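Overview (structure and organization)
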Amino acid sequence: MFSRPPGVSVWVSKAVMSVEWSGDGGKWLDAHYDPVAGLYTFSSCVDLADLSGDGESRLVVGDLGLGGSGMKLKVYRGTALMSESTLLDLPAGLVAFFMDLHEPRIPAVAVASGPCIYVYKNLRPYFKFTLPGLEVNTLEQDVWQQVREGQIDPLTLKEMLESIRKKADVPLSVRSLRFLSLDGDDMHDFVQLHKLQPIRRQTVITCIGTLKKSTADEDGVSCLVIGTESSDVFILDPEAFIILSKMSLPAAPTMMDVTGQFDVEFRITVACRNGNIYILRRESDKPKYCIELSSHPVGLVRLGKNVVVGCTDESLQGFTQKGKKLWKTILAAPITTMAAMDLPTRGFLAVLVGLANCEVQLYRDKNLLSTIKTPDVVTSICFGRYGREDGTLIMTTKGGGLMVKILKRTAAFDDRDSAPGPPPAQSIRLNVPKKTKLYVDQTLRERENGLAMHRAFQMDLSRLRLAAAKAYVKALESSLTPMSSSLSEPLKMNAVVQGLGPSFKLTLNVQNTAACRPVMNLAISFLYDESLYRMRSPYLRIPLLVPGLIYPVETFVECTSDKGISDIIKVFVLHEGRSSPLLTAHINMPVSEGLTLT
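Everything numeric here is computed off the predicted structure, so don't read it as measured data. (Residues numbered from 1 in each chain as written. Predicted model: local features only at pLDDT ≥ 70, side-chain atom pairs only at ≥ 80, totals over all residues. Heavy atoms only, no water.)

A few words now on the domain arrangement of the protein. When its domains are assigned, the protein resolves into domain 1 (138–195) and domain 2 (491–588). Placing the centre of domain 1 and that of domain 2 at their C-alpha centroids yields a distance of 114 Å. (Domains from an automatic or database assignment.)

Below, the structure is given as structure tokens:
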């Protein structure tokens, strides 16, 4: 299907668009484009899953149809429609998840529609979960009871319901709200039709996600996470479908992203209708952090520890998981949809942004990496494994078209920031350690005694400089430096001692460091304790030294003591006719191990 045989770059369907639309820099292969596929959906209603257990992923789509009719759950295999099932209401979200540990490992599909979640297993209806009912206003119940008993007429009912809606803390039910929207002629028929039915207040699902139960494995059992119109977030058990946890939000959620494990630690990032983003954690039923935006969010993608948000002011913004703003970039057109592009085989993580100007842009942080031209406005994006291809990009368009692109294996994205402004490294947060009590105490002490500490520091610094200067002058006077300070005879020397004893081989490597001037009439003299050592040649003449060459001067030293002690041998490089040496070296002789053993 999607696997590419040798020599074949890409398969082509019946309805192939010409490559004039593939303005993507040559990084994507145009696999399929059907402009009359009849798919009307959003990114929240699209997912990829291996529904047959054969290693080939299918495309699962919750089709919105034509408004109030034609809602269907469609499954694509390659370019062909594999199956479709009728949905009773408009889908708000769709996810594929593993609900048990049974073999073979085949995921189920959960479709959120109205107040219910429809679970499909093996592409057949398996279970239906309905959200629990909400509290009904007692005053509203009393009013409808009076209507049922014939004590008040429809006009009085409308006045009383209007008064209750303005003052009561509990909102009215859908029945009362519909009644308030009717004209005088229709109110009587509506009351006669519904007055005998009990009042119920039911919320609906606005978004849905999945949360791993106990392990982070790809095929690990996952819980369902749902956001409702009543500003609540529920976490459902994947097998019994009971509510494991309930969390409250200040406003109704519209989008969410979930990470972590329910039994360990998790974070739920929720974009709400009040224009803020809230972050929920395991230990609390209230939001832990809040991100206040300048405009309402239209897209939410979590990349690692950061959150990328698309807003109605045509901007793309990055935040940390604690709400700190990292960056902001202005786009060329309004955002229509967003999705993450995660390619673990390459270690690549970025965000795909669909724009109203028929473009899909790829961003990593605030850097634009690639732009894809499309023949129509993109309404949904899904990236992942389709068939046997890992890097597959699936898009649906405003006109109902279906587009499939495959990322080339040779594609490389340049992460260079082309926009003017500060470098990307400036926005990287430094890992500054927390202030300890010792640090605070030291800071207070420095503030109180700053003048005395500065004077003490200056005095110690002056003493250090004086000691260094004295040592340097002493080294120059005694020629203890490894290089001579004479400009006429610039020399360099090092010594190597070889042997275990009692006989040692002493090698002196002498080098003339001048540019082009040779040095002559030099000699080497040794000063040592004659009761410990004996040398064959305590005085050696050095031949003419050519610049740049290293001349090894060898001699032998014999240890005459059997006490297992050692001493220093001083080496002087002399110039004939001068009393002060050009170079002086102190050689720490090793203990004669050979004499000790004997």
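Here we come to unusual backbone geometry. Of the consecutive residues E103 and P104, the connecting peptide bond is found in the cis state with omega at -5°. Within the secondary structure, P104 is located in the loop between β6 (91–97) and β7 (108–113). We note that N122 has phi near 55°; this positive angle belongs to a residue other than glycine. Mapped onto the elements, N122 comes out in the loop between β8 (116–121) and β9 (124–130). Here N521, not a glycine, exhibits a phi torsion of approximately 60°, which is positive. Here N521 lies in the loop between β30 (503–512) and β31 (522–527). (Helix = DSSP H or I, 4+ residues; strand = E, 2+ residues; numbered from the N terminus.)

Among the secondary structure elements, P552 is positioned in strand β34 (residues 550–559). Among the residues examined, P552 registers a relative accessible area of 51% and is labelled exposed. Sequence separation between P552 and A31 is 521 residues, and the spatial gap between their C-alpha atoms is 74 Å. Discounting chain neighbours no more than four positions away, the residues touching P552 are T507, L508 and N509. (Buried < 20%, exposed > 50% of the residue type's maximum accessible area, 1.4 Å probe, protein only. Contact = heavy atoms within 4.5 Å.)

Further remarks concern a positive patch on the surface. Taken together, K288, K322, K324, R429 and K434 make up a surface patch of like positive charges. Within the secondary structure layout, K322 lies in the loop between β20 (315–320) and β21 (325–330). (Patch = residues over 30% accessible without salt bridge, like charges linked within 9 Å, V, L, I, M, F, W, Y side chains within 5 Å. Areas by Shrake-Rupley, 256 points an atom, 1.4 Å probe, with all protein chains shown as cover. Salt bridge = Lys/Arg side-chain N within 4 Å of Asp/Glu carboxyl O. Lys, Arg positive; Asp, Glu negative; His and termini not counted. Charge placed at Lys NZ, Arg CZ, Asp CG, Glu CD.)

The tally for this structure, following the rule as stated, stands at five aromatic pairs. Each ring, one from W28 and one from F383, has its centre 6.3 Å from the other, and the planes form 90°; the classification is edge-to-face. Taken as a pair, W28 in strand β1 (residues 28–34) and F383 in strand β26 (residues 378–386) lie far apart in primary sequence, 355 residues in all. The class for F383 is buried, based on a relative accessible area of 11%. With a centroid separation of 6.1 Å and an interplanar angle of 35°, the aromatic rings of F179 and F190 are classed as tilted. Remark: F190 occurs in helix α4 (residues 184–194) and F179 occurs in helix α3 (residues 174–180); sequence separation between them is 11 residues. Like F179, the residue F190 is buried in the burial classification. (Phe/Tyr/Trp six-rings, centres within 6.5 Å; stacked < 30°, edge-to-face > 60°.)

Before going further, it helps to examine the side chain of N137. One can find N137 in the loop between β9 and α1 (138–148). Side-chain polar atoms of N137 contact the backbone nitrogen of L139, separated by 2.9 Å. Beyond its immediate stretch of four places on either side in the chain, N137 contacts I164, A168, V170 and P171. (Polar contact = N/O pair within 3.5 Å; in protein donor to acceptor, adjacent residues only side chain to side chain.)

This chain's UniProt record puts "domain: Bardet-Biedl syndrome 1 protein GAE" (unreviewed entry) on residues 491–593. What you have in residues 491–593 is 1% helix and 53% strand, and the ends, taken at the C-alpha atoms, are 34 Å apart. (UniProt positions renumbered as here; feature names shortened; annotations may be inferred.)

Moving on, we come to the sheet that holds strand β25 (residues 367–373). Taken together, four strands build an open sheet; the order of strands is β22-β23-β24-β25 and the sheet is antiparallel. Taken across any chain shown, the strands that pair with only one partner, and hence form the sheet edges, are β22 (335–343) and β25. Sheet twist, expressed as the mean angle between neighbouring strand axes with direction ignored, is 25°. In this sheet, strand β23 (residues 348–355) lies alongside β22 in antiparallel orientation, the contact comprising eight bridges. For A340, the partnering residue across the bridge sits in β23 and is V351. (Pairing = 2+ DSSP bridges. Axes fitted to C-alpha atoms, helices over the stretch in contact; angles between N-to-C directions.)

Further remarks concern the environment of R364. For R364, the position within the fold is in strand β24 (residues 359–364). Judged by its relative accessible area of 22%, R364 falls in the partly exposed class. Placed 38 residues apart in sequence, R364 and L326 show a C-alpha to C-alpha distance of 13 Å.

Take the confidence of the model for the protein next. Mean pLDDT over the protein stands at 84; residues scoring 70 or higher make up 91%. The element-level mean pLDDT for the protein is lowest in helix α7 (residues 593–597), coming to 56, with strand β11 (residues 222–228) highest at 93. In the predicted structure, residues 1–22 sits below a pLDDT of 50 and forms 48 contacts with residues beyond four places in sequence or in another chain. (pLDDT = per-residue confidence, 0-100.)

The next point concerns the nonpolar core. In this structure, L491, I524, F526, Y533, L545 and V571 are the most contacted members of the largest nonpolar core, which totals 29 residues. Looking at this core, the elements with two or more residues in it are β29 (491–498), β30, β31, β32 (533–535), β33 (539–542), β34, β35 (568–575) and β36 (583–588). When near neighbours in sequence (up to four residues on either side) are disregarded, I524 contacts L508, V510, P538, Y539, L540, I542, V553, V571, F572 and V573. (Core = buried A, V, L, I, M, F, W, Y, C linked by side-chain atoms within 4.5 Å.)

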